[in-house]
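Overview (structure and organization)
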Amino acid sequence: MTITKDKVVQFHYRISDVQGNELESSFSGQPAAYLHGHKNMMPGVENALEGKTQGDSFSVELEPETTFGPVVENAETRVSVKHLQGAKKWKAGMTAIVNTEQGQREVTVVKVGKFMATIDTNHPLAGKVLNFDLQVEEVRDASPEELEHGHAHGPGGHHH
């Protein structure tokens, strides 16, 4: 089955910088899942997967504008330390998860005090040209419920 709009796609990925250093990978865990053509995936990855089929494995170099976005200047803000998720003790340079109105977001801790922290709201991989190794695990038709909700359900997808 070919990846086109309204297909649920499960795939593994490995993200590396242009020097070849692995930054993130799903290969040791569950594949990611998304509903193709519904803006649920980075545009660069979705465009690269368009037209591929189960079993396809390939690499693609993607510009920041199609993945984690360009670096936004002056994107620092102060938040209560209790809103940082992912560690007990925080130090500058660490990556944290914060809940925003747009959902969970990965941020970088710039400075931390006893009660407040300064964070950079740019994604840690923003502004970087990245290599994606992609392996298509499964392609299937979306269920009526998935189409209605606008996202994939089940393993690697959305859970209600």
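Residues numbered from 1 in each chain as written. Predicted model: local features only at pLDDT ≥ 70, side-chain atom pairs only at ≥ 80, totals over all residues. Heavy atoms only, no water.

1. Let's talk about the overall build of the protein
What counts is decided by this rule: Note on conventions: DSSP H or I runs of at least 4 residues are helices, E runs of at least 2 residues are strands, and numbering of each starts at the N terminus. Only protein chains enter the area calculation, which uses a 1.4 Å probe; residues under 20% of their type maximum are buried, those over 50% are exposed, and those in between are partly exposed. Contact definition: two residues touch when any of their heavy atoms are within 4.5 Å. Here the Shrake-Rupley method, with its probe set to 1.4 Å, supplies the accessible areas, and only the displayed protein chains count as covering residues. Under the counting rule used here, the positive set is Lys and Arg, the negative set is Asp and Glu, and His together with the chain ends is not counted. By convention, the point assigned to a charge is CZ for Arg, NZ for Lys, CD for Glu and CG for Asp.
Of the regular secondary structure elements, the protein holds two helices and nine strands. For the protein, the α and β elements follow one another from N to C terminus as β-β-β-α-β-β-β-β-β-β-α. Judged by the C-alpha coordinates and their principal axes, the protein covers about 55 × 40 × 30 Å. Counting every position in the protein, which comprises 160 residues, the buried fraction comes to 38%. Considering only residue pairs separated by 6 or more positions, the protein has 62% of its internal contacts joining residues 24 or more positions apart. Working note: accessible area of the protein is about 9,400 Å², and carbon and sulfur atoms make up 48% of it. Charge centroids of the protein, computed over 15 positive and 22 negative side chains, lie 13 Å from each other.

2. Regarding the pattern of salt bridges
Two side chains with opposite charge may pair up if their charged atoms get near one another. Applied cut-off: Every case where a carboxyl oxygen of Asp or Glu lies within 4 Å of a side-chain nitrogen of Lys or Arg is listed as a salt bridge.
Counted under the stated rule, the structure contains five salt bridges. Note that glutamate 138 is salt-bridged to arginine 140, the shortest N-O span being 3.8 Å. Relative accessible area serves as the criterion here: at 33%, glutamate 138 is assigned to the partly exposed category. Within this structure, Arg14, Glu22 and Asp133 form a network of salt bridges that share partners.

3. Digging into the sheet that holds strand β7 (residues 103-112)
Cut-off, in case you're wondering: Only strands joined by at least two bridges in the DSSP assignment are considered to pair. Inter-axis angles, ranging from 0 to 180 degrees, are taken between N-to-C directions of lines fitted to C-alpha atoms, where helices are fitted over the stretch in contact.
Spatial ordering of the open sheet is given by β5-β8-β7-β6, a layout of four strands whose pairing is antiparallel. Two strands close off the open sheet at either side, each with one partner strand: β5 (76-80) and β6 (95-100). In this sheet, neighbouring strand axes are inclined to one another by 50 degrees on average, regardless of whether the strands run parallel or antiparallel.

4. Section: the packing of aromatic side chains
Stated formally: Paired rings are identified among Phe, Tyr and Trp, the last through its six-membered ring, by centres lying within 6.5 Å, and are further divided according to the angle between planes into stacked (under 30 degrees), edge-to-face (over 60) and tilted (the rest).
Counting across every chain of the model gives two aromatic pairs. Between phenylalanine 11 and tyrosine 13, the aromatic rings sit 6.2 Å apart at their centres with planes inclined by 55 degrees, giving tilted as the arrangement. Residue phenylalanine 11 shares its accessibility class with tyrosine 13, and that shared class is buried. Between phenylalanine 11 and tyrosine 34 the ring centres are 5.9 Å apart and the planes differ by 90 degrees, which places this aromatic pair in the edge-to-face class.

5. A few points about the side chain of glutamate 146
Assignment of secondary structure puts glutamate 146 in helix α2 (residues 144-149). Non-local contacts of glutamate 146, meaning those with residues more than four positions away in its chain, are made with Val8, Leu35, Arg140, His151, Ala152 and His153.

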